[in-house]
Structure formats: C-alpha cells, structure tokens
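Examination of the molecular architecture
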Amino acid sequence: MLLETPVPGELHQLLKQIRACRICDQHLPLGPRPVLRASGSAKLMIIGQAPGIKVHKSGVPWDDASGKRLRSGLELDADQFYDESCVAIVPMGFCYPGVDPKGGDKPPRPECAPAWHGPLTEHLNNVSLTLLVGSYAQKYYLGRDMQRTMSETVANWRDYLPSRLPLPQSSWRNTAWLKRHPWFDAELVPELRRRVRRLMG
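What this report covers is the structure whose coordinates are included nearby. These figures come from a predicted structure and were not determined experimentally. (Residues numbered from 1 in each chain as written. Predicted model: local features only at pLDDT ≥ 70, side-chain atom pairs only at ≥ 80, totals over all residues. Heavy atoms only, no water.)

Scanning the protein chain from terminus to terminus reveals 9 helices and 4 strands. The order of α-helices and β-strands along the protein chain, N terminus first, is α-β-α-α-α-β-α-β-α-α-β-α-α. Relative to the compact-globule value of 17 Å for 201 residues, the protein chain shows a C-alpha radius of gyration of 16 Å, a close match. Projecting the C-alpha coordinates of the protein chain onto the three principal axes gives extents of approximately 45 × 40 × 35 Å. Expressed as a percentage of the 201 residues in the protein chain, the buried residues total 46%. Accessible surface, the protein chain: about 10,500 Å² in total, of which carbon and sulfur atoms supply 50%. Treating the 27 positive side-chain charges of the protein chain as one cloud and the 20 negative ones as another, the clouds have centres 4 Å apart. (Helix = DSSP H or I, 4+ residues; strand = E, 2+ residues; numbered from the N terminus. Rg over C-alpha atoms; globule rule 2.2 N^0.38 Å. Buried < 20%, exposed > 50% of the residue type's maximum accessible area, 1.4 Å probe, protein only. Areas by Shrake-Rupley, 256 points an atom, 1.4 Å probe, with all protein chains shown as cover. Lys, Arg positive; Asp, Glu negative; His and termini not counted. Charge placed at Lys NZ, Arg CZ, Asp CG, Glu CD.)

Written out as structure tokens, the structure is:
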C-alpha cells in the first residue's frame, strides 16, 4: 500500500494521516486505533512499544499501570506527562497488536515505525532527549550501537547521552529485573529525573 506523502511543515496534517492509517488493519484483532501525541514544541520524546488493550480502549497513551510507573520514574504528574507541547509520545507501533499466546501482548507491528517515524520526527526539531523504552525502540533507534541485550544497553546508558536514554519496560514484569540491577534506581533514575526537570522548566 502506498502512503501519501505528508505536506512539508504541516505536523497537524501528518498526525491526521497517522490516525487514519490502516496499513496493518488485517493483522489487528481489535482493528486500528493509532495512539500517539506530538507537537513541534516538544522537548522530550518517549518511544515505547505499543498500546495495551486498556490504552486501545481509552485512546490515551500510557493510560495503564505501566504508565503510572513510568510517570513515577520521571517524577511527572499526569498534567505534565500529557502536555504535548512539552512531551511527545510516539510508540514503535501505534495500535494494539493483540495478545501473544506465549503471554503478554504481541510485538509492535513492523510496518508502523518504517512508515511513520521518519516523517514524524522530521517535525519534532525541538526534541533534545528521547527515551527509548524497551528493546524494540532501542533496536530501531540505536542499531549497531545497541549492546547484545536490553540489559547491557541500559547498563551503558551514559554512552547514549545527551540525546538518547535507553530504559527498560516499565511493566510490573520488570520488578525482578530492577532488583537484580540496583544501579538503575541508584544511578540512572536520578540522572533521568534531573534531565527531565531541566527540559520541563
């Protein structure tokens, strides 16, 4: 399926195109409902995996327990987090991909990021810090600079600053991971909060 070329400089038009996207419709058990937030003035961009079923129903990104945990880690309240003039929320897959028979949700659809992330990020010229939440975002955006695993990538977080910061998924499933890696809360989180506070003014 050919994608219409977005009008240069018109982020509003591009967002309309993304929200009307149907390129992987046949693979989505609940149908398409692209969920994202973006503004040309945003200084912080959060790239996660894909909406869960609760987010699919509400249409609000990170509107679940993982989002609450992420906001706590960033020390942002809901009003700050959802202020799209400051924070862009751009998942690797914009639509709920369905349940994985092995547990959890399926990975983000592979069509989404190649089709839309390039045109979208061209309009987000004020973003100075991008949070890469989880291995899908890290593989896509770090490429060869990613370490062998997500854990190793996050452990080497200083190597990706000042423009990018890899983070683990904020799911409850990562509770054991956090216990095994106490440096995350002791070293990375304080630096993350410091940088976010500076960006949010």
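Let's shift gears to the environment of Arg-197. Inspection of the secondary structure puts Arg-197 in helix 9 (residues 183-200). Residue class for Arg-197 comes out partly exposed when judged on its relative accessible area of 48%. Sequence separation between Arg-197 and Lys-102 is 95 residues, and the spatial gap between their C-alpha atoms is 38 Å.

As a further point, take the pairing of strand 3 (residues 129-133). The buried fraction of strand 3 is high, at 5 of 5 residues. Going residue by residue along strand 3, you find Leu-129, Leu-131 and Val-133 tucked away on one face and Thr-130 and Leu-132 tucked away on the opposite face as well. Pairing analysis gives 4 bridges linking strand 1 (residues 44-47) to strand 3, with the strands arranged parallel. The partner of Met-45 across the bridge, within strand 3, is Thr-130. As judged from the 4 bridges shared by strand 3 and strand 4 (residues 164-167), these two strands associate in the parallel manner. Paired with Val-133 across the bridge in strand 4 is Leu-167. (Pairing = 2+ DSSP bridges.)

This part covers the pattern of salt bridges. For the coordinates displayed, the defined rule picks out 8 salt bridges. As a salt-bridge pair, Glu-152 and Arg-148 come within 2.8 Å of each other at their nearest N and O atoms. A relative accessible area of 75% places Arg-148 in the exposed class. If you follow the salt bridges from partner to partner, you end up with Glu-75, Arg-193 and Arg-197 in one network. (Salt bridge = Lys/Arg side-chain N within 4 Å of Asp/Glu carboxyl O.)

The strand order across the open sheet formed by 4 strands is 2-1-3-4, and the pairing between neighbours is parallel. On the outer flanks of this sheet lie strand 2 (87-89) and strand 4, each paired with one strand and no other. For this sheet the average axis-to-axis angle between neighbouring strands, irrespective of direction, equals 20°. Sheet topology places strand 1 next to strand 2; 3 bridges connect them, and they run parallel. Bridge pairing links Met-45 to Ala-88 in strand 2. (Axes fitted to C-alpha atoms, helices over the stretch in contact; angles between N-to-C directions.)

Let's shift gears to helix 6 (residues 135-142). Turning to helix 6, its buried residues number three or more, namely Ala-137, Gln-138, Tyr-141 and Leu-142. Buried positions in helix 6, seen along its axis, are confined to an arc of 100° and lie on one side of it. Just downstream of helix 6, Gly-143 is the residue with a positive phi angle, here 55°. (Arc of directions from axis to C-beta.)

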